[in-house]
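Next come the chains, spelled out residue by residue.
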Protein chains: 2
Amino acid sequence: MLNIKIILRTLGLLLLVEGASMLIALLVALIYNGPDIAAFCWSALATGGVGALSFLLTRNAKNNIGKREGFIIVSLVWVVFSFFGALPYMLSNSIPSLTDAFFETMSGFTTTGSSILNDIEALPHGILFWRSLTQWLGGMGIIVLSLAILPFFGIGGMQLFMAEVPGPTPDKLSPKLRHTAMSLWGIYVLFTLLETILLKIGGMTFFDAINHSFTTMATGGYSTKQASVAHFTSPFIQYVIIVFMFLAGTNFTLSYFALQGKLSKVYKNEEFRAYFFFIAMFTAIIAVGLYLTTNMKGELAFRDALFQVVSIITTTGYATADYLVWHPFLTILIFALFFFGGSAGSTGGGIKIVRIVLLLKNSYYELRRLLHPNAIVPVRFNHRSVPEQIVTNILAFFMFYMMVFFMSVIVFSVIEPDFASSIGAVATCLGNIGPGLGNVGPVENFHHVHPFGKWFLSFLMLLGRLELFTVLVLFSPAFWKK
Amino acid sequence: MLNIKIILRTLGLLLLVEGASMLIALLVALIYNGPDIAAFCWSALATGGVGALSFLLTRNAKNNIGKREGFIIVSLVWVVFSFFGALPYMLSNSIPSLTDAFFETMSGFTTTGSSILNDIEALPHGILFWRSLTQWLGGMGIIVLSLAILPFFGIGGMQLFMAEVPGPTPDKLSPKLRHTAMSLWGIYVLFTLLETILLKIGGMTFFDAINHSFTTMATGGYSTKQASVAHFTSPFIQYVIIVFMFLAGTNFTLSYFALQGKLSKVYKNEEFRAYFFFIAMFTAIIAVGLYLTTNMKGELAFRDALFQVVSIITTTGYATADYLVWHPFLTILIFALFFFGGSAGSTGGGIKIVRIVLLLKNSYYELRRLLHPNAIVPVRFNHRSVPEQIVTNILAFFMFYMMVFFMSVIVFSVIEPDFASSIGAVATCLGNIGPGLGNVGPVENFHHVHPFGKWFLSFLMLLGRLELFTVLVLFSPAFWKK
């Protein structure tokens, strides 16, 4: 029997947190004395009220969260959060349509960053802040989920990465992982503050600085400017953002080690090396390509290449250039990065570097197995053998990812005649990136997309954010069988 | 030490076969007294001469073909065959350029069917016949390879399919598989004859009938008409071709069983059921789609849908309609079929139905494993458990396929600005299909493609035809290590 009461109780508790976070946005609205004050009051009241009700009415719930309850809570919370999180947009009339407001909020919480807004600068400060805050909360949420909660359910790259915590069992984990989670939140906050200060020094207003820090560290990509980071032409600002996007796409436990002075743990880490290598390689090729095919100067070609590569591979989605007007070869290189993603245990989305590396390694090993079929050659990662089961899981993940991608492109083409636009919209939402190709490119937005498409893409964002399995398992008959 | 002499000796022997087959085309040229008679004489002489020389000069070769020699021979023979097979085109001035002639021949032998010809009807009969013959030989060749030779090297869906022959060992196989191979050739010839007769009855000339039978049974798709099968408006002819494309994409051992009256072996076969189901499903959706979005009558909508679906899923590549002018949703459904392919042990290319089914099953099992991590649930196929190793191999194959696909699209975009055209050209050549998307669609051809693109696509045809591993292993350092 599914313990529905505990599901409602947990969701209620989390809604209280969401309601409280709306009060922070209310504070911003009050400071700027904007037209959005009332909207935040009502939203917080409604969200907190429903949360409190749901929490209090289920006091007699049995306190056992099983696997199935876990899957349902983890999936549902994003949907519920997005519905309530859409209230401020709708009540302030910033985004009157439910479809649009839900899309914008889901895109926020999942740190995707695809937007339907045509005139961002016209919005009140409170609303802009709420928009960035959804990403920052989502980014923090995913770290907690992927480091502390999902491994319980046998999901997430962290199983593999955190070899220090072999075979996590509830009793062993509670104290240790709670401590880890707290440390990682600390780093998340620290980096956000640091970036805010640096962006302020670079010439941003304090408001723009804090907003961009929020959405950088979440690898979200919402900007307070319609032109995204391209609005800020200062190379200093752009490099600062590059550095923090890079950090946000790095496993947070590695940053933790680095801050403790254990640098060798960082540069010996195989996922980090691959992450660094991919960025360097793509940047080099694209920078040279831009230098040869445009009349850009050296530094600008390098900066534009680096910014776009880091922005896409970390799934942030900021833009300082329109990669769609580049030579097609360079555009497709950027598109290839849609299928990489950040590191495990970072705020980045996508397939994730650890999986890419293991997939590549396993493929190469498969060739060797052809030549020496009787030799048992397990795939190695960070100097340890990777259990066969994890390799199979990652291969199945990749298969699912491609399957969902292809099938979604087919579904999306019902409402979108342009092939490249369909591919771009699906890939960017599934990978939690932000901009796509064709008519949803980096200088465009998702405003013109058919309502059906907006709901569908919102679903893809959720699928991608929870790394497919968590959501897909809900659709399997096995899940609902006794 | 690599036994180079035995490689040369085997290739020499095979070249003699190719030279002999040119004599058949010469016969056709003589019958029609065409301008291509001399071209075939010289080609046969050169091919046979080099073959004989290579065969005779290596008489002292040690008679052991090891794994590595096997891989090299299987890959090289298609390249060597394509170079010599291009001679008739060049010497008859039908296709003067080496690049174009090589592309057309490789496309023939690999049964891809992508063509660079702009005016097919203008070519002499001997040349047209040679073009179809390359496909027919290639189709026969791949059956022999996939049923009798590749399993020795641990490659090919047949390992899995032919559970009757568990763990093939050389001594056990020789008599049995030679017999099987002969039976399958028999069926191949029988079906070709049968189709020729039916097409003749349907109103084709004998010459057109035999050519189309050759290229149908090979799932090749070369036509003697520029407009492909669309030239023949007779529904009877189109339905006949549909039936034989379907048979050519079916595992030939199943046809063997069917002819022996063992029908239950056919309809109980899981790959066959899936193959049938996919065709029925895609046809139904597309037929309804065509009916709703165009003013086609019922039968025509059904026939156009069925023909295009069967043509693409079997990787034949004939066209009776231009799927690029359909509603984008229907076009993308057709494009999805680019990633299916025929059955194992058929002449069809692509990923293959057996792999698709196992990938889907394994993915679903992975979801169940999430819920019951301690239950050991092996994937089952045809009521047998599939060994873990085969599942891993198929997953790695899929990964390779996607990797080669993506990287090739990137490479191809250097010379092709249109994204859809790049994707279409790469997918169709890698899947040995024929027509693509954009400027290489079913009413277009590959004539305008940059020479670099033609050589690159030729390589992809070979990669796809040999199911990646055979060719890729040659590029792995492990292969060349002592």
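A.B. asks: An account of the overall build of chain A is needed here, citing residue identities and associated values.
C.D. replies: When you go through chain A residue by residue, the secondary structure sums to 21 helices and 2 strands. Each of the three principal axes of chain A carries a C-alpha extent, and together these read 70 × 65 × 50 Å. A buried classification covers 63% of the 482 residues belonging to chain A. Residue pairs at least 24 apart in sequence account for 72% of intrachain contacts in chain A once pairs closer than 6 positions are excluded. Carbon and sulfur atoms make up 70% of the accessible area of chain A, which totals about 18100 Å².

A.B. asks: Got a sec to walk through the relation of the copies chain A and chain B? Specific residues and values, please.
C.D. replies: After a rotation of 180° and a shift along the axis of 0.0 Å, chain A superposes on chain B with an RMSD of 0.0 Å. These values place the two chain copies in the arrangement generated by a two-fold rotation axis. The rotation axis passes nearest to the C-alpha of Leu395 of chain A in chain A, at a distance of 3.0 Å. Both copies share a contact surface, since 100% of the interface residues of chain A are interface residues in chain B too.

A.B. asks: Tell me about the side chain of Lys454 of chain A, residues and numbers included.
C.D. replies: Residues and elements named next belong to chain A. Mapping Lys454 onto the fold places it in helix α19 (residues 451-465). A polar contact of 2.8 Å, which involves the side chain of Lys454, links it to the backbone oxygen of His447. Every residue in contact with Lys454, bar those within four places of it in the chain, is listed here: Thr99, Asp100, Phe103, Ile116, Phe446, His447 and Val449.

A.B. asks: Before we move on, can you summarise unusual backbone geometry with the specific residues and values?
C.D. replies: Trans is the common state for peptide bonds, and a negative phi is the common state for residues other than glycine. Residues and elements named next belong to chain A. Backbone geometry at Asn93 places phi at a positive 65°, although glycine is not the residue there. Its place among the elements puts Asn93 in the loop between α4 (87-91) and α5 (98-109). Assessed through its relative accessible area of 55%, Asn93 is described here as exposed. Even without a glycine there, the phi angle at His383 is positive, about 65°. Relative to the helices and strands, His383 resides in the loop between β1 (380-381) and β2 (384-385).

A.B. asks: Now, about the packing of aromatic side chains: what can you tell me, with residues and values included?
C.D. replies: Residue and element names in this part refer to chain A. Evaluated as defined, the whole model comprises 69 aromatic pairs over all chains. Aromatic pair Phe109 and Trp130: ring centres 6.4 Å apart, planes at 85°, arrangement edge-to-face. A residue pair is termed long-range when its members are at least 10 positions apart, and Phe109 in helix α5 and Trp130 in helix α6 (residues 125-149) qualify at 21 residues. The class of Phe109 is buried, set by a relative accessible area of 2%. Here Phe246 and Phe276 contribute two aromatic rings whose centre-to-centre distance is 6.3 Å and whose plane-to-plane angle is 85°, an arrangement assigned as edge-to-face. Taken together, the positions of Phe246 in helix α10 (residues 235-248) and Phe276 in helix α13 (residues 270-293) put the pair 30 residues apart, joining distant regions of the chain. In this structure Phe246 comes out as buried when scored by relative accessible area, which is 19%. The ring of Phe257 carries Lys265 above its face, with NZ or CZ at 4.4 Å from the centroid.

A.B. asks: So what about the packing of helix α16 (residues 353-371) of chain A against helix α17 (residues 388-412) of chain B? Which residues, and what values?
C.D. replies: The interhelical angle for the contact between α16 of chain A and α17 of chain B, taken along N-to-C directions, is 115°, at an axis separation of 9 Å. You can see that α16 of chain A and α17 of chain B cross each other, and the crossing is left-handed. Seen from α16 of chain A, the contacting residues are Leu359, Leu360, Asn362, Ser363, Tyr364, Glu366, Leu367 and Arg369 of chain A; seen from α17 of chain B, they are Thr392, Asn393, Ala396, Met399, Phe400 and Met403 of chain B. Partitioned by chemical class, the residues of the contact of α16 of chain A with α17 of chain B number 8 nonpolar, 4 polar and 2 charged.

A.B. asks: Describe the environment of Ile410 of chain B, and please don't skip the residues or the numbers.
C.D. replies: By secondary structure assignment, the location of Ile410 of chain B is in helix α17. Here the alpha-carbon distance between Ile410 of chain B and Val426 of chain B, two residues 16 residues apart in the chain, equals 9.9 Å. Not counting chain neighbours up to four residues away, the residues in contact with Ile410 of chain B comprise Phe329, Ile332, Leu333 and Ala336 of chain A.

A.B. asks: Which residues make up the interface of chain A and chain B, and what values do they have?
C.D. replies: Contacts between the two partners involve 54 residues from chain A and, on the opposite side, 55 residues from chain B. For the pair chain A and chain B, the summed buried surface comes to about 4800 Å²; carbon and sulfur atoms form 80% of the total. Here chain A is connected to chain B by 3 residue pairs in polar contact (both at pLDDT 80 or more). When residues of the side of chain A that touches chain B are traced back to their parent elements, those giving at least two are α3 (67-85), α15 (328-337), α16, α17 (388-412), α18 (419-430), α20 (469-472) and α21 (477-480) of chain A. The greatest single-element share of the side of chain A that touches chain B, amounting to 14 residues, is contributed by α17 of chain A.

A.B. asks: Break down the environment of Val473 of chain B for me, citing the residues and quoting the values.
C.D. replies: Following the sequence through the fold, Val473 of chain B ends up in the loop between α20 (469-472) and α21 (477-480). Along the sequence, Val473 of chain B and Ile72 of chain B sit 401 residues apart, while their C-alpha atoms lie 9.5 Å from each other. Val473 of chain B has contacts with Leu367, Leu370 and Leu371 of chain A together with Phe71 and Phe479 of chain B, leaving out every residue within four places of it along the chain.

A.B. asks: Explain the confidence of the model for chain A to me, using residue names and the numbers behind them.
C.D. replies: Residues and elements named next belong to chain A. When the pLDDT values of chain A are averaged, the result is 89; 93% of them are 70 or greater. Across residues 155-174, where pLDDT falls below 50, the model places 37 contacts with residues more than four positions away in sequence or in other chains. Listed scores for the predicted complex are pTM 0.90 and ipTM 0.87.

A.B. asks: If you had to explain the pattern of salt bridges to someone new, which residues and values would you point to?
C.D. replies: Going through the model one piece at a time under the given rule, you end up with 16 salt bridges over all chains. Here Glu104 of chain B makes a salt bridge to Arg131 of chain B, at a shortest N to O gap of 2.7 Å. Of this pair, Glu104 of chain B sits in helix α5 (residues 98-109) while Arg131 of chain B is found in helix α6 (residues 125-149), placing the two residues 27 residues apart along the sequence. Looking at Glu104 of chain B, the relative accessible area reads 0%, which means it is buried. Judged by relative accessible area, which is 2%, Arg131 of chain B ranks as buried. A salt bridge links Arg369 of chain B to Glu366 of chain B; its shortest N-O distance comes to 2.4 Å. Here Glu366 of chain B and Arg369 of chain B lie together in helix α16 (residues 353-371), a separation of 3 residues that amounts to about one turn. Judged by its relative accessible area of 15%, Arg369 of chain B falls in the buried class. The structure contains a network of salt bridges with shared partners spanning Lys352, Arg355 and Glu467 of chain A.

A.B. asks: A description of the side chain of Thr105 of chain A should follow, citing residues and the corresponding values.
C.D. replies: Residue and element names in this part refer to chain A. Here Thr105 shows up in helix α5. On the accessibility criterion, Thr105 (0% relative accessible area) is buried. Aside from chain neighbours lying at most four places away, what touches Thr105 is Phe81, Ser82, Gly85, Ala86, Tyr89 and Thr134.

A.B. asks: Could you give an account of a nonpolar patch on the surface, with specific residues and numbers?
C.D. replies: On the surface, a cluster of nonpolar side chains totalling about 420 Å² of accessible area is made up of Leu27, Leu30, Ile31 and Tyr32 of chain A. Along the polypeptide, Tyr32 of chain A turns up in the loop between α1 (4-31) and α2 (37-56).

About the cut-offs
Residues numbered from 1 in each chain as written. Chains lettered and ligands numbered in written order. Predicted model: local features only at pLDDT ≥ 70, side-chain atom pairs only at ≥ 80, totals over all residues. Heavy atoms only, no water. Helix = DSSP H or I, 4+ residues; strand = E, 2+ residues; numbered from the N terminus. Buried < 20%, exposed > 50% of the residue type's maximum accessible area, 1.4 Å probe, protein only. Contact = heavy atoms within 4.5 Å. Areas by Shrake-Rupley, 256 points an atom, 1.4 Å probe, with all protein chains shown as cover. Least-squares fit on C-alpha atoms with pLDDT ≥ 70 in both. Polar contact = N/O pair within 3.5 Å; in protein donor to acceptor, adjacent residues only side chain to side chain. Phe/Tyr/Trp six-rings, centres within 6.5 Å; stacked < 30°, edge-to-face > 60°. Lys NZ or Arg CZ within 6 Å of the ring centre and 35° of its normal. Axes fitted to C-alpha atoms, helices over the stretch in contact; angles between N-to-C directions. Left-handed = near helix turned anticlockwise from the far one by under 90°. Nonpolar A, V, L, I, M, F, W, Y, C, P; charged D, E, K, R; others polar. Buried area = accessible area lost by both parts, 1.4 Å probe. pLDDT = per-residue confidence, 0-100. Salt bridge = Lys/Arg side-chain N within 4 Å of Asp/Glu carboxyl O. Patch = residues over 30% accessible without salt bridge, like charges linked within 9 Å, V, L, I, M, F, W, Y side chains within 5 Å.

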